[in-house]
Amino acid sequence: MILVAGGTGRLGRLVVSRLVLEGIPVRVLTRNPSAAMDLAALGVELVTGDVRDPASLGPALSGVGTVVSAIHGLAGQGGVTPASIDRDGNRNLVAATAAKSVRSGPSVPSGPSVPSGPSVPEAAAVILMSVIDASPDHPMELFRMKWAAEQQLESSGVPWTVIRSSAFVQTWDELLRQSAGRSGSPRVFGRGDNPINFVSVHDVADALVHATQDPALRGQRIDVGGPANLTLNELARHVQESLGGGGSLRHVPRSALRALGTIARPFNPTLARLARTAVAMDSCDLSFDPAVSIRAHPWLSCSPVVTDGTLARGG
(Lines give C-alpha, C1' and ligand atoms only; values in the text may rest on other atoms or scores of the structure.)
Protein backbone atom coordinates (compact mmCIF):
# COMPACT_ATOMS: atom_id res chain seq x y z
CA MET A 1 0.00 0.00 0.00
CA ILE A 2 1.26 3.47 -0.92
CA LEU A 3 0.05 6.51 0.99
CA VAL A 4 0.01 9.77 -0.97
CA ALA A 5 -0.18 12.98 1.04
CA GLY A 6 -1.14 15.86 -1.22
CA GLY A 7 -2.88 13.44 -3.55
CA THR A 8 -5.59 15.93 -4.52
CA GLY A 9 -3.19 18.53 -5.93
CA ARG A 10 -2.00 18.97 -9.52
CA LEU A 11 1.01 16.71 -9.05
CA GLY A 12 -0.57 14.35 -6.54
CA ARG A 13 -3.49 13.42 -8.78
CA LEU A 14 -1.11 12.45 -11.57
CA VAL A 15 0.94 10.32 -9.18
CA VAL A 16 -2.18 8.60 -7.86
CA SER A 17 -3.58 7.86 -11.31
CA ARG A 18 -0.27 6.41 -12.52
CA LEU A 19 0.03 4.16 -9.47
CA VAL A 20 -3.54 2.94 -9.97
CA LEU A 21 -2.84 2.16 -13.63
CA GLU A 22 0.07 -0.01 -12.48
CA GLY A 23 -2.26 -1.93 -10.18
CA ILE A 24 -0.70 -0.63 -6.97
CA PRO A 25 -3.02 -0.12 -3.96
CA VAL A 26 -3.17 3.58 -3.11
CA ARG A 27 -4.44 5.48 -0.10
CA VAL A 28 -4.80 9.27 -0.18
CA LEU A 29 -4.55 11.43 2.92
CA THR A 30 -6.91 14.37 2.53
CA ARG A 31 -8.51 16.98 4.73
CA ASN A 32 -11.63 16.91 2.57
CA PRO A 33 -12.61 13.49 1.19
CA SER A 34 -15.65 14.96 -0.58
CA ALA A 35 -13.25 16.84 -2.88
CA ALA A 36 -11.55 13.58 -3.89
CA MET A 37 -14.48 11.42 -4.92
CA ASP A 38 -13.06 11.16 -8.44
CA LEU A 39 -10.07 9.37 -6.91
CA ALA A 40 -12.35 7.09 -4.91
CA ALA A 41 -14.02 6.15 -8.19
CA LEU A 42 -10.62 4.86 -9.37
CA GLY A 43 -10.51 2.48 -6.42
CA VAL A 44 -8.34 4.72 -4.26
CA GLU A 45 -8.86 4.54 -0.51
CA LEU A 46 -9.47 7.93 1.08
CA VAL A 47 -8.55 8.64 4.66
CA THR A 48 -9.28 11.88 6.49
CA GLY A 49 -6.25 13.54 8.03
CA ASP A 50 -4.07 16.62 8.12
CA VAL A 51 -0.28 16.65 8.20
CA ARG A 52 -0.54 19.50 10.73
CA ASP A 53 -2.37 17.13 13.12
CA PRO A 54 0.00 14.31 14.16
CA ALA A 55 -2.82 12.38 15.82
CA SER A 56 -4.56 11.94 12.47
CA LEU A 57 -1.59 10.33 10.76
CA GLY A 58 -1.28 7.02 12.61
CA PRO A 59 -4.44 5.42 11.13
CA ALA A 60 -3.50 6.61 7.64
CA LEU A 61 -0.18 4.77 7.85
CA SER A 62 -1.57 1.38 8.85
CA GLY A 63 -0.22 -1.25 6.47
CA VAL A 64 1.62 1.31 4.36
CA GLY A 65 4.97 0.38 2.80
CA THR A 66 5.75 3.65 1.04
CA VAL A 67 4.74 7.25 1.71
CA VAL A 68 4.75 9.91 -1.01
CA SER A 69 4.67 13.48 0.25
CA ALA A 70 3.45 15.80 -2.51
CA ILE A 71 2.19 18.47 -0.12
CA HIS A 72 2.96 22.18 -0.42
CA GLY A 73 1.88 25.28 1.46
CA LEU A 74 2.80 28.17 -0.79
CA ALA A 75 -0.81 29.34 -0.99
CA GLY A 76 -3.95 28.38 0.87
CA GLN A 77 -6.41 29.29 3.57
CA GLY A 78 -6.67 28.35 7.23
CA GLY A 79 -3.06 28.69 8.28
CA VAL A 80 -1.57 27.02 5.21
CA THR A 81 2.02 28.27 4.86
CA PRO A 82 5.35 26.79 3.78
CA ALA A 83 6.31 26.63 7.45
CA SER A 84 3.13 24.87 8.59
CA ILE A 85 2.92 22.45 5.65
CA ASP A 86 6.30 21.98 3.95
CA ARG A 87 8.39 22.08 7.14
CA ASP A 88 6.16 21.14 10.07
CA GLY A 89 3.69 18.99 8.13
CA ASN A 90 6.47 16.92 6.59
CA ARG A 91 8.15 16.66 9.98
CA ASN A 92 4.93 15.22 11.43
CA LEU A 93 4.49 12.84 8.51
CA VAL A 94 8.06 11.57 8.73
CA ALA A 95 7.86 11.17 12.51
CA ALA A 96 4.62 9.21 12.21
CA THR A 97 6.16 7.02 9.51
CA ALA A 98 9.22 6.35 11.65
CA ALA A 99 6.95 5.36 14.54
CA LYS A 100 5.05 2.91 12.37
CA SER A 101 6.36 -0.18 10.62
CA VAL A 102 5.16 -2.71 8.10
CA ARG A 103 5.72 -6.42 8.31
CA SER A 104 8.34 -7.70 5.89
CA GLY A 105 7.42 -11.37 6.21
CA PRO A 106 8.84 -14.26 8.23
CA SER A 107 12.45 -14.05 9.25
CA VAL A 108 14.82 -16.57 7.66
CA PRO A 109 15.87 -19.37 10.06
CA SER A 110 19.59 -19.90 10.56
CA GLY A 111 19.35 -23.67 10.14
CA PRO A 112 16.91 -26.53 9.54
CA SER A 113 16.43 -27.13 13.25
CA VAL A 114 15.67 -23.45 13.98
CA PRO A 115 11.98 -22.55 13.61
CA SER A 116 10.87 -19.47 11.78
CA GLY A 117 10.81 -16.41 13.95
CA PRO A 118 8.27 -13.62 13.95
CA SER A 119 8.11 -11.16 11.09
CA VAL A 120 10.67 -8.37 11.23
CA PRO A 121 9.46 -4.78 11.35
CA GLU A 122 10.68 -2.68 8.45
CA ALA A 123 10.22 1.09 8.25
CA ALA A 124 8.19 2.44 5.37
CA ALA A 125 10.09 4.49 2.80
CA VAL A 126 9.30 8.18 2.33
CA ILE A 127 9.47 9.84 -1.09
CA LEU A 128 9.61 13.59 -0.53
CA MET A 129 8.73 16.20 -3.15
CA SER A 130 11.07 19.18 -2.91
CA VAL A 131 12.48 21.95 -5.11
CA ILE A 132 15.75 22.35 -7.00
CA ASP A 133 18.20 24.56 -5.08
CA ALA A 134 16.39 24.21 -1.76
CA SER A 135 18.70 25.69 0.86
CA PRO A 136 18.60 27.14 4.39
CA ASP A 137 19.22 30.72 3.23
CA HIS A 138 17.29 30.87 -0.04
CA PRO A 139 15.34 34.13 -0.61
CA MET A 140 12.12 32.16 -1.06
CA GLU A 141 10.46 30.81 2.07
CA LEU A 142 9.22 27.71 0.25
CA PHE A 143 12.78 26.72 -0.64
CA ARG A 144 13.93 27.19 2.96
CA MET A 145 11.08 25.09 4.32
CA LYS A 146 11.66 22.33 1.75
CA TRP A 147 15.30 22.29 2.82
CA ALA A 148 14.24 21.88 6.44
CA ALA A 149 11.97 19.00 5.42
CA GLU A 150 14.82 17.30 3.57
CA GLN A 151 17.09 17.58 6.61
CA GLN A 152 14.42 16.18 8.93
CA LEU A 153 13.77 13.26 6.60
CA GLU A 154 17.42 12.40 6.06
CA SER A 155 18.08 12.30 9.81
CA SER A 156 14.92 10.33 10.64
CA GLY A 157 16.27 6.84 10.09
CA VAL A 158 13.58 5.88 7.59
CA PRO A 159 14.50 4.94 4.00
CA TRP A 160 14.12 8.05 1.84
CA THR A 161 14.32 9.52 -1.63
CA VAL A 162 14.02 13.24 -2.40
CA ILE A 163 12.69 14.35 -5.78
CA ARG A 164 13.50 17.99 -6.48
CA SER A 165 11.89 19.82 -9.39
CA SER A 166 11.83 23.21 -11.04
CA ALA A 167 8.63 25.22 -11.61
CA PHE A 168 5.68 23.43 -13.21
CA VAL A 169 4.99 24.96 -16.62
CA GLN A 170 1.32 23.96 -16.36
CA THR A 171 0.89 26.02 -13.20
CA TRP A 172 2.37 29.11 -14.80
CA ASP A 173 0.43 28.61 -18.01
CA GLU A 174 -2.75 28.59 -15.92
CA LEU A 175 -1.76 31.66 -13.88
CA LEU A 176 -0.85 33.67 -16.98
CA ARG A 177 -4.10 32.73 -18.70
CA GLN A 178 -6.10 33.81 -15.67
CA SER A 179 -4.25 37.13 -15.52
CA ALA A 180 -4.94 37.80 -19.20
CA GLY A 181 -8.70 37.97 -18.70
CA ARG A 182 -10.62 39.24 -21.72
CA SER A 183 -7.71 41.31 -22.97
CA GLY A 184 -5.71 38.27 -24.03
CA SER A 185 -2.61 39.97 -22.65
CA PRO A 186 -1.16 38.23 -19.57
CA ARG A 187 0.12 40.21 -16.62
CA VAL A 188 3.76 39.53 -15.72
CA PHE A 189 4.91 40.09 -12.15
CA GLY A 190 8.16 42.02 -12.21
CA ARG A 191 10.36 42.68 -15.20
CA GLY A 192 9.90 39.14 -16.48
CA ASP A 193 13.38 38.85 -17.98
CA ASN A 194 14.89 36.41 -15.46
CA PRO A 195 15.57 32.92 -16.93
CA ILE A 196 13.62 30.21 -15.09
CA ASN A 197 13.64 26.48 -15.65
CA PHE A 198 10.16 25.12 -16.25
CA VAL A 199 9.31 21.42 -16.20
CA SER A 200 6.26 19.43 -17.22
CA VAL A 201 4.41 18.23 -14.14
CA HIS A 202 3.96 14.89 -15.94
CA ASP A 203 7.73 14.32 -15.89
CA VAL A 204 7.82 15.02 -12.15
CA ALA A 205 4.93 12.60 -11.54
CA ASP A 206 6.78 9.92 -13.51
CA ALA A 207 9.87 10.46 -11.36
CA LEU A 208 7.90 10.15 -8.11
CA VAL A 209 6.22 6.96 -9.27
CA HIS A 210 9.55 5.50 -10.41
CA ALA A 211 11.05 6.30 -7.01
CA THR A 212 8.30 4.38 -5.21
CA GLN A 213 9.22 1.26 -7.16
CA ASP A 214 13.03 1.42 -7.14
CA PRO A 215 14.68 0.74 -3.75
CA ALA A 216 18.07 1.48 -5.34
CA LEU A 217 17.14 5.17 -5.23
CA ARG A 218 16.94 5.29 -1.43
CA GLY A 219 19.27 7.83 0.09
CA GLN A 220 19.39 9.95 -3.07
CA ARG A 221 18.29 13.43 -4.10
CA ILE A 222 17.18 13.55 -7.72
CA ASP A 223 16.70 16.79 -9.66
CA VAL A 224 13.99 16.89 -12.34
CA GLY A 225 13.92 19.86 -14.71
CA GLY A 226 12.88 20.87 -18.17
CA PRO A 227 15.08 21.09 -21.27
CA ALA A 228 15.20 24.89 -21.49
CA ASN A 229 15.17 28.04 -19.39
CA LEU A 230 12.53 30.62 -20.28
CA THR A 231 11.73 34.06 -18.96
CA LEU A 232 8.22 34.90 -17.80
CA ASN A 233 8.03 37.34 -20.69
CA GLU A 234 8.71 34.50 -23.14
CA LEU A 235 6.20 32.27 -21.40
CA ALA A 236 3.60 35.04 -21.36
CA ARG A 237 4.05 35.70 -25.07
CA HIS A 238 3.32 32.05 -25.83
CA VAL A 239 0.14 32.33 -23.77
CA GLN A 240 -0.76 35.60 -25.46
CA GLU A 241 -0.38 34.08 -28.92
CA SER A 242 -2.51 31.08 -27.98
CA LEU A 243 -5.24 33.42 -26.72
CA GLY A 244 -5.14 35.52 -29.87
CA GLY A 245 -4.02 38.58 -27.96
CA GLY A 246 -1.54 41.20 -29.12
CA GLY A 247 0.34 44.29 -28.13
CA SER A 248 2.65 44.78 -25.19
CA LEU A 249 2.61 42.57 -22.14
CA ARG A 250 1.39 44.12 -18.91
CA HIS A 251 3.82 44.22 -15.98
CA VAL A 252 3.47 44.71 -12.24
CA PRO A 253 6.61 46.63 -11.14
CA ARG A 254 8.90 45.13 -8.54
CA SER A 255 8.37 48.21 -6.37
CA ALA A 256 4.62 47.49 -6.26
CA LEU A 257 5.26 43.84 -5.42
CA ARG A 258 7.63 44.77 -2.60
CA ALA A 259 5.10 47.19 -1.18
CA LEU A 260 2.33 44.60 -1.41
CA GLY A 261 4.55 42.04 0.28
CA THR A 262 4.74 44.33 3.32
CA ILE A 263 1.37 46.10 3.36
CA ALA A 264 -0.76 42.99 2.82
CA ARG A 265 0.96 40.86 5.46
CA PRO A 266 -1.36 41.73 8.41
CA PHE A 267 -4.68 41.13 6.61
CA ASN A 268 -3.78 38.79 3.73
CA PRO A 269 -0.56 36.92 4.50
CA THR A 270 -1.00 34.60 1.51
CA LEU A 271 -1.13 37.53 -0.92
CA ALA A 272 1.87 39.11 0.78
CA ARG A 273 3.81 35.85 0.54
CA LEU A 274 3.01 35.48 -3.16
CA ALA A 275 4.14 39.05 -3.81
CA ARG A 276 7.46 38.41 -2.08
CA THR A 277 7.81 35.15 -4.01
CA ALA A 278 7.20 37.00 -7.28
CA VAL A 279 10.03 39.43 -6.50
CA ALA A 280 12.38 36.53 -5.73
CA MET A 281 11.43 34.69 -8.92
CA ASP A 282 12.13 37.87 -10.88
CA SER A 283 15.65 38.17 -9.52
CA CYS A 284 17.04 34.82 -8.24
CA ASP A 285 19.00 32.37 -10.36
CA LEU A 286 16.35 29.76 -11.18
CA SER A 287 17.98 28.33 -14.28
CA PHE A 288 18.85 24.63 -14.47
CA ASP A 289 20.65 22.22 -16.80
CA PRO A 290 19.07 18.75 -16.60
CA ALA A 291 21.97 17.01 -18.38
CA VAL A 292 23.74 15.87 -15.20
CA SER A 293 20.57 14.35 -13.74
CA ILE A 294 19.72 12.58 -16.96
CA ARG A 295 23.21 11.08 -17.24
CA ALA A 296 22.91 9.77 -13.69
CA HIS A 297 19.31 8.62 -14.14
CA PRO A 298 18.59 7.81 -17.81
CA TRP A 299 14.99 6.86 -16.94
CA LEU A 300 14.14 10.51 -16.22
CA SER A 301 11.79 12.21 -18.68
CA CYS A 302 12.64 15.67 -19.99
CA SER A 303 9.69 16.69 -22.15
CA PRO A 304 9.65 19.95 -24.13
CA VAL A 305 7.62 22.63 -22.38
CA VAL A 306 7.09 24.49 -25.65
CA THR A 307 6.30 22.64 -28.88
CA ASP A 308 5.66 24.59 -32.09
CA GLY A 309 5.08 27.69 -30.02
CA THR A 310 2.53 25.97 -27.77
CA LEU A 311 3.04 25.45 -24.03
CA ALA A 312 2.72 21.99 -22.56
CA ARG A 313 -0.70 21.76 -20.97
CA GLY A 314 -2.78 19.28 -19.05
CA GLY A 315 -2.33 17.95 -15.53
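Reading guide: rules and limits
- Residues numbered from 1 in each chain as written.
- Predicted model: local features only at pLDDT ≥ 70, side-chain atom pairs only at ≥ 80, totals over all residues.
- Heavy atoms only, no water.
- Pairing = 2+ DSSP bridges.
- Helix = DSSP H or I, 4+ residues; strand = E, 2+ residues; numbered from the N terminus.
- Buried < 20%, exposed > 50% of the residue type's maximum accessible area, 1.4 Å probe, protein only.
- Expected span 1.5 Å × (residues − 1).
- Core = buried A, V, L, I, M, F, W, Y, C linked by side-chain atoms within 4.5 Å.

A.B. asks: How should the sheet that holds strand S9 (residues 167-168) be read in this particular structure?
C.D. replies: Within a sheet, adjacent strands bond to each other through the backbone by hydrogen bonds, running parallel or antiparallel. Here we have three strands laid out as an open sheet, ordered S9-S11-S13, and mixed in their pairing. A strand with exactly one partner marks an edge of an open sheet, and here the two such strands are S9 and strand S13 (229-230). When strand S11 (residues 196-199) meets S13, the two strands line up antiparallel, connected through two bridges. Each bridged residue has a counterpart across the sheet, and for Asn 197 the counterpart in S13 is Asn 229.

A.B. asks: Looking at this structure, I do not really get the pairing of strand S7 (residues 125-131). What am I missing?
C.D. replies: Counting buried positions along S7 gives seven out of seven residues, so the element sits mostly inside the fold. The side-chain alternation of S7 yields two buried faces, one formed by Ala 125, Ile 127, Met 129 and Val 131 and the other by Val 126, Leu 128 and Ser 130. Pairing between strand S4 (residues 66-69) and S7: four bridges, direction parallel. Within S7, the position partnered with Val 68 by the bridge is Ile 127. The sheet contact formed by S7 and strand S8 (residues 160-165) spans six bridges and is parallel.

A.B. asks: Hey, could you run me through helix H5 (residues 141-154) in this one?
C.D. replies: For the α-helix, the turn length of 3.6 residues means that residues three or four positions removed from each other point alike. Counted at 1.5 Å a residue, the expected span for H5 with its 14 residues is 20 Å, and the 20 Å between its end C-alpha atoms agrees. Listed in full, the buried residues belonging to H5 are Leu 142, Phe 143, Met 145, Lys 146, Ala 148, Ala 149, Glu 150 and Leu 153.

A.B. asks: Quick question: what am I supposed to make of unusual backbone geometry here?
C.D. replies: In most cases, non-glycine residues show a negative phi, while peptide bonds are predominantly trans. The phi torsion at Asp 133 lies on the positive side, around 70°, for a residue other than glycine. A relative accessible area of 37% places Asp 133 in the partly exposed class.

A.B. asks: Would you mind showing me how to read the nonpolar core here?
C.D. replies: Generally speaking, soluble globular proteins have nonpolar side chains that are buried together. In terms of nonpolar packing, the biggest core is built from 31 residues, with Val 4, Leu 11, Leu 19, Ile 163 and Leu 208 touching the most fellow members. Leu 230, Ala 236, Leu 249 and Ala 312 belong to the second largest nonpolar core, which has 24 residues in total.

Function cannot be read off these values alone, since they describe shape.
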